[in-house]
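Descriptive analysis of the structure
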Amino acid sequence: ITNITMASNDDERRRLLDFGNGSNPWYNTATMPTPHYHHPQQIPGYGGVMAMTQPLQNPVQNPALLEPQMSEAHKSQSAGMASMVPGQQMLTKSYSVHAEGALGYLTPLQLGRHELYERVPFTAVFGMQQKERNITKAFASYAADLDTLEQDQIVYSRTNQHLSVDELDSRRTRASLLLMDELEMDAVLVTTPLIVAIFVAGLCQFLVGYNTGVMNSPSSVVFSGHSTLEWSIAVSVFAVGGPWGAVAAGTLVDTRGRRGAMAICIYTFLIGGIIQTTAKNMIFITVARFIIGFASGFSSVLVPIYLGELAPPTLRGTLGTLTQFCLVTGIFVSDLLAFPFATEKGWRILFSVTAVASVIQILCFPFLIESPRWLLGRDRDSRRARHIIKKLRGLRYDHEIEIEVNHFVSASHKQACDNNEENTSSKVAFLAMLMDKQIRKLLVCSLVLQMAQQLCGINAVFYYSTMFFEGLIDSPLLGTTLVGGVNVVATYIALLLMENTNRRTLILWSAGGMFVSSVMLVVCLLGYFSKMASLFFVISFVSFFEIGLGPIPWLIVAEMFEAKYVATAMSASCQLNWVCNFIVGLIFPYMQSSLGAFSFLPFAVVLLFTIIFVIVWLPETKGTTPEELRDDIVRSLSHLMLLSDDGSNENHSSSVGNPIDIEWRRAMDDLKQQEEEDMKRGTYNYGFQPINSNLVEAPELDWQTRITGGAGT
């Protein structure tokens, strides 16, 4: 028995998304017994929509039979929803058999979301939107081709004529656009729990950026009289805490949960901010910087994982981009606040921003939700996970929640290196990467790019630009602020460039532009150009960094590795990044004092080697083309049975299938046999009695009695 639910007055949407008639290619009628199709009708004497059971002609052969009997209440329902009636839940499903035991009963929309869940890593990475769109387009193209083929077969069976080329193209285009529109709906429907999570996580990344730049301007007013060594240690120890925080986060996000790890991160920021604000000498400043650096490294690992596991696949790239903007905005805000507060009396206010932001996060913490993926990894039947998914996705019905749960579980299983979701970010994953020769090569490329990102000298600008500009321009603080503002704008430009430009090309342009800027900066410092020109080349240096070496080393991890390796590769990259960050932060003041005008020359050498490495070794990772993705999707879904109705009851299903599907088919066979025996004996209950005036005039009868005529419940 199949529940046929008409969920919209849009024929195309209902046909494609809800499986309301048999023309849908995923609707497998060949494996089902001849059914009595349920359809909704308005029952006299009852205000709601009821389900009547009638022996109807198979709607695959004549779908038009269902249309006149569709109630206005069902026409007004949104696509994909089930009709909720007293005592009965009418579901929209398609029956299919999977040879590998994968999920069944998925509509094209649900199947498309399933593909996105499995192919997009549970990590929010800057610039990953293009990959998400490519997968969406590839699946929509695949589904539209199947739909067009099926419709052509149906038309041919009725008229002995195939659809014309124009009709095929028109139908394919409509189906593809419709499915793409529905798949991308997740990117614009954001619930309140997700907004709170984005706000809290975004504040963490804002504090990472803020504390990267906050020590730049007040170097001459914080405990004046300190030595260069004391200040450089206080600045660079921030990067010492970073890798320790990254290591701790990799463990605590699995043992304490994402929400518990976020609490640790927030309170660590708070403690560091309080110590830094109330510091009595440079020792307290140094300790506070280490604690804040620990929290920053912790945040760098936690935030992408947390948001990636909360957000739907089509929103993960956007959230990764948002957190990157939070980071660069934090650097810029630290420069702006330096104008009024980088004084001997105001520097404590400058440092107190970290503590104030942490207090705001603590106030929001009661509304913060746990990652459903983490909960389901610990308990497949977790009721808490289902409750969170219901709020997070704005779902209403249990079957919708279970479908979403299956998406999480299946994707987590596929992205696990050892088929165990709990070990996705463990040492097992890292060892698996090292044992595979091809993966090991990709890992080396990823780590080299992380080294290049920091050893190119970008944080020498963000840590010491005010000190660097002293004696070069009239207002060093203004120069530092201009650099911070350009950094934000260049990040947006980088986002636009990454849409249509190869990754290797961007890195080459970035490293090449930074190399030229470094050389010209040395020339300016030697006096061949005006000193004001040095400001231009510092801005140029930062701009070229943001279009390539800034975002690409992180994005390339998500594109270069399979989804199951992304979290581990990201964690290893993050730790190495912080180590190189510390090296630059510690030694640049000494480079400037000893090398003078040639202080940027070592960075130019690093950039030159980076260019050579990219040309010789780095593979292109922009991603597979939509055509290649489509072929891959076809291969991955080839186990799904796509059978048109041939008017026979022959069972075409494979002998190897999901145990649930096998049990379901056996139950249907038993039910069919029982019905046939009852028909032969003349005792079969067809499930309805003729509707007459007596039915309406009998208010004392309940609705079940009215429908069945007293012939059973």
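Let me sum up the structure you'll find in this document.

Conventions used here
Residues numbered from 1 in each chain as written. Predicted model: local features only at pLDDT ≥ 70, side-chain atom pairs only at ≥ 80, totals over all residues. Heavy atoms only, no water. Disulfide = S-S within 2.5 Å. Buried < 20%, exposed > 50% of the residue type's maximum accessible area, 1.4 Å probe, protein only. Helix = DSSP H or I, 4+ residues; strand = E, 2+ residues; numbered from the N terminus. Patch = residues over 30% accessible without salt bridge, like charges linked within 9 Å, V, L, I, M, F, W, Y side chains within 5 Å. Areas by Shrake-Rupley, 256 points an atom, 1.4 Å probe, with all protein chains shown as cover. Salt bridge = Lys/Arg side-chain N within 4 Å of Asp/Glu carboxyl O. Contact = heavy atoms within 4.5 Å. Core = buried A, V, L, I, M, F, W, Y, C linked by side-chain atoms within 4.5 Å. Axes fitted to C-alpha atoms, helices over the stretch in contact; angles between N-to-C directions. Left-handed = near helix turned anticlockwise from the far one by under 90°. Nonpolar A, V, L, I, M, F, W, Y, C, P; charged D, E, K, R; others polar. Polar contact = N/O pair within 3.5 Å; in protein donor to acceptor, adjacent residues only side chain to side chain. Phe/Tyr/Trp six-rings, centres within 6.5 Å; stacked < 30°, edge-to-face > 60°.

In protein structure, a disulfide is the covalent linkage between the sulfur atoms of two cysteines. A full pass over the atoms with the stated rule returns zero disulfides. Free cysteine C204: the closest other cysteine sulfur is in C265, separated by 4.1 Å. The buried category is assigned to C204, whose relative accessible area is 0%.

With that settled, consider helix α21 (residues 552-560). Along α21, eight of the nine residues are buried, which leaves the element largely enclosed by surrounding structure. Inspection of α21 places I552, P553, L555, I556, V557, A558, E559 and M560 among the buried residues, and these make up the whole buried set.

What follows covers a nonpolar patch on the surface. A surface patch of nonpolar side chains, amounting to about 700 Å² of accessible area, comprises V605, L608, F609, I612, I615, V616 and W617. Relative to the elements of secondary structure, F609 occurs in helix α23 (residues 601-616). We classify F609 as exposed; its relative accessible area is 57%.

Glancing now at the side chain of S176. Of note, S176 is situated in helix α5 (residues 165-183). Leave out the neighbours within four places in its chain, and S176 touches A140, S141 and A144.

Time to look at the pattern of salt bridges. Within this structure, the stated rule accounts for eleven salt bridges. The salt bridge involving R172 is made with D169; its shortest N-O contact spans 2.9 Å. Pair noted here: R172 and D169 are both in helix α5, with a separation of three residues, about one helical turn. You can call R172 partly exposed: its relative accessible area is 29%. In this structure, E402 and R386 form a salt bridge, with 2.7 Å as the shortest nitrogen-oxygen distance. A residue pair is termed long-range when its members are at least 10 positions apart, and E402 in helix α14 (residues 398-414) and R386 in helix α13 (residues 383-393) qualify at 16 residues. With a relative accessible area of 32%, E402 lands in the partly exposed category.

Our next topic: the nonpolar core. Counting residues in hydrophobic clusters, the biggest one holds 152 residues, and the most contacted among them are M262, Y306, L549, F561 and F600. Apart from residues no more than four positions distant in its own chain, M262 is found in contact with V200, A201, C204, L302, Y306, F365 and L368.

Before going further, it helps to examine the packing of helix α3 (residues 108-119) against α14. For the pair α3 and α14, the least separation of the axes is 8 Å and the interaxial angle reads 35°. Note on packing geometry: the crossing formed by α3 with α14 is right-handed. Taking contact as the criterion, the partners of Q110, R113, H114, Y117 and E118 in α3 are, on α14, I403, E404, N406, H407, F408, S410, A411 and K414. Residue composition of the contact of α3 with α14, by class: four nonpolar, five polar and four charged.

In this section: the side chain of T480. As for its position among the elements, T480 is in helix α18 (residues 476-500). A distance of 2.9 Å separates a polar atom in the side chain of T480 from a polar atom in the side chain of S465. Apart from residues no more than four positions distant in its own chain, T480 is found in contact with N216, D335, S465, T466 and F469.

For the rest of this paragraph, the subject is the packing of helix α6 (residues 192-213) against helix α9 (residues 282-310). At a minimum axis separation of 9 Å, α6 and α9 run at an interaxial angle of 145°. Where α6 crosses over α9, the handedness of that crossing is left-handed. Together, L194, A197, I198, A201, C204, Q205, V208 and N211 of α6 and R289, I292, S296, S299, S300, V303, Y306, L307 and L310 of α9 make up the contact between the two elements. By residue class, the composition of the contact of α6 with α9 is eleven nonpolar, five polar and one charged.

Turning our attention to the packing of aromatic side chains. Each aromatic ring pair is characterised by the separation of its centres together with the angle its planes make. Counting across every chain of the model gives 17 aromatic pairs. Between the aromatic rings of Y117 and F122, the centroid separation amounts to 6.4 Å while the plane-to-plane angle is 55°, which identifies the pairing as tilted. Here F536 and F537 contribute two aromatic rings whose centre-to-centre distance is 5.2 Å and whose plane-to-plane angle is 75°, an arrangement assigned as edge-to-face. What makes F537 buried here is its relative accessible area of 16%. By way of ring pairs, the aromatic residues Y463, Y464, F541, F588, F600 and F603 are connected into one cluster.

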